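Analysis of the macromolecular model
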Amino acid sequence: MAGRLADKVAIVTGAGRGIGEATARRMAAEGAALVIAERDATTGAAVARALTAAGSRALFVETDVADPASVEAMAARAVSTFGRVDVLVANAGINVFHEPLDTSDAEWRRCFSVDLDGVWHSARAVLPGMRARRAGSIVAIASTHSFSIIPGCFPYPVAKHGLLGLVRALGIQYAAEGIRVNAIAPGYIETQIALDYWAGFPDPEAERRRAADLHPPRRLGRPDEVAMTAVFLASDEAPFINAACITIDGGRSVLYHD
Ligand SMILES: NC(=O)c1ccc[n+]([C@@H]2O[C@H](COP(=O)([O-])OP(=O)(O)OC[C@H]3O[C@@H](n4cnc5c(N)ncnc54)[C@H](O)[C@@H]3O)[C@@H](O)[C@H]2O)c1
C-alpha cells in the first residue's frame, strides 16, 4: 500500500480508543500494517476489524503492557504475522491522581506499572529486532505532565517525567544503530480519560470549558492532532529527530500567567 508509512509494521499500545486508536487509524491510512496491542479485548478487536475492513493489514493482540510476558508474546505475534516491527507507539497510559500523602503503595505501583514500566516493557520487546535490522522508530506518548506539575495529580507526573528520561536514554544509546526514540507531550486532548476526569467535578461541562480556556487557541486538542505527529516521527520524514519531545498543547506550556 502506498503512503508515508508504506510497508512499515507498527505496534500501537492502548490502541482500542483515544489517542492510540487515532494513531493506529492514521498509520494504517499511511500504508502501515498495524498491531493493536490493547488490554480491552472488545475495543481492541473492533479497531482491528475496522482497519481490516478498510483494506489495511491489522492484528489485534490482547496485551497488558504492565505484564512483561504479555508484551513479549505480543511482539512475537507481531513478528510471526508481519515479519518484523519497524515502529512502536508506546501509548497505553492511565491517570492516577492523588494528593501525595494519600497515595497508597498499590496506587503508586498501578501508575508506574503502566505509565513507565509499560513503555519500557514495550521498547525492550522490539529493540532487539530493530538493532538487528539497524532501523526503527519508537514514539512514546508522554504528557505536559512530563515537565510541569498540577497539585493533586500525583504520581502520574512522576511517571511521565521518568518516561522522558527513558526516551532520552534509549534514544542516545541506540542512535548509532539507526534507531530513533522520541516522545510526544500532549496537553489536554479530548478523550475518554479526560471525560472521566471531568466527570469527577460537580460541574463536568464547566470543568471542560475551563480546561479548554487554559489553552491559547481556546479549545482542547483532538486525538488526530497527536496521531499526525506520531506518523511524522515514525516516518522517514524525521530521520535526524532523536531523543526529542514534541509538545502538542496549543502553546499552553509557554504561556506566562501573571
Ligand atoms: N487525553 C489527554 O488529555 C492526554 C494528555 C497527555 C497525555 N496523554 C497520554 O496519552 C496516552 C493515551 O491517552 P488517551 O487520552 O487516549 O487515554 P484513553 O484512556 O482514552 O485510552 C487509553 C487506552 O489504553 C488502554 N490501556 C490502559 N492500560 C493498558 C494496559 N495496561 N495495557 C494495554 N492497554 C492499556 C486502555 O484500555 C485504552 O484503550 C496515555 O499515555 C496518556 O497518559 C493523554
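Taken together, 26 residues are adjacent to the ligand, and Arg17, Glu38, Asn91, Tyr156 and Thr191 come closest. Asn91 is positioned with one of its backbone polar atoms (N or O) 2.7 Å from an oxygen atom of the ligand. With respect to the ligand, the side chain of Tyr156 contributes an N or O atom lying 2.6 Å from an oxygen atom. Going through the elements one at a time, helix 1 (18-29), helix 6 (156-174) and helix 7 (192-199) are the ones with two or more residues in the shell around the ligand. Along the lines of polarity and charge, the residues of the shell around the ligand split into twelve nonpolar, nine polar and five charged.

A separate point is the sheet that holds strand 3 (residues 58-62). The strand order across the open sheet formed by seven strands is 3-2-1-4-6-8-9, and the pairing between neighbours is parallel. Looking at the sheet topology across the chains shown, the edges are occupied by strand 3 and strand 9 (245-248). Averaged over all adjacent pairs, the angle separating strand axes in this sheet is 15°, with direction ignored. For strand 8 (residues 179-186) and strand 9, the ladder comprises four bridges, and the chain directions are parallel.

Take unusual backbone geometry next. Cis peptide bonds are those with omega within 30 degrees of zero, and the linkage from Phe154 to Pro155 qualifies with 0°. Secondary-structure assignment places Pro155 in strand 7 (residues 154-155). Residue Asp7 is not a glycine yet carries a positive backbone phi of 70°. The phi dihedral of Arg218 falls on the positive side, at around 60°, and the residue is not glycine. Within the secondary structure layout, Arg218 lies in the loop between helix 8 (204-213) and helix 9 (223-234). Exposure remark for Arg218: the relative accessible area of 53% places this residue in the exposed category.

Before going further, it helps to examine the environment of Met27. Note that Met27 resides in helix 1. Separated by 21 residues in the primary sequence, Met27 and Ala6 place their C-alpha atoms 9.2 Å from one another.

We now examine the pattern of salt bridges. Tallied over the full model, the rule gives 16 salt bridges. The salt bridge involving Arg109 is made with Asp117; its shortest N-O contact spans 2.4 Å. Arg208 is paired through a salt bridge with Glu205; the nearest N and O atoms lie 3.9 Å apart. One end of the pair is Arg208 and the other is Glu205, both in helix 8 and three residues apart, which spans about a single turn. Taking the relative accessible area as the measure of exposure, Glu205 reaches 48% and is therefore partly exposed. Taken together, the salt bridges that share partners define one network made up of Arg4, Glu30 and Glu237.

Rules behind the numbers
Residues numbered from 1 in each chain as written. Predicted model: local features only at pLDDT ≥ 70, side-chain atom pairs only at ≥ 80, totals over all residues. Heavy atoms only, no water. Near = heavy atom within 4 Å. Polar contact = N/O pair within 3.5 Å; in protein donor to acceptor, adjacent residues only side chain to side chain. Helix = DSSP H or I, 4+ residues; strand = E, 2+ residues; numbered from the N terminus. Nonpolar A, V, L, I, M, F, W, Y, C, P; charged D, E, K, R; others polar. Pairing = 2+ DSSP bridges. Axes fitted to C-alpha atoms, helices over the stretch in contact; angles between N-to-C directions. Buried < 20%, exposed > 50% of the residue type's maximum accessible area, 1.4 Å probe, protein only. Salt bridge = Lys/Arg side-chain N within 4 Å of Asp/Glu carboxyl O.

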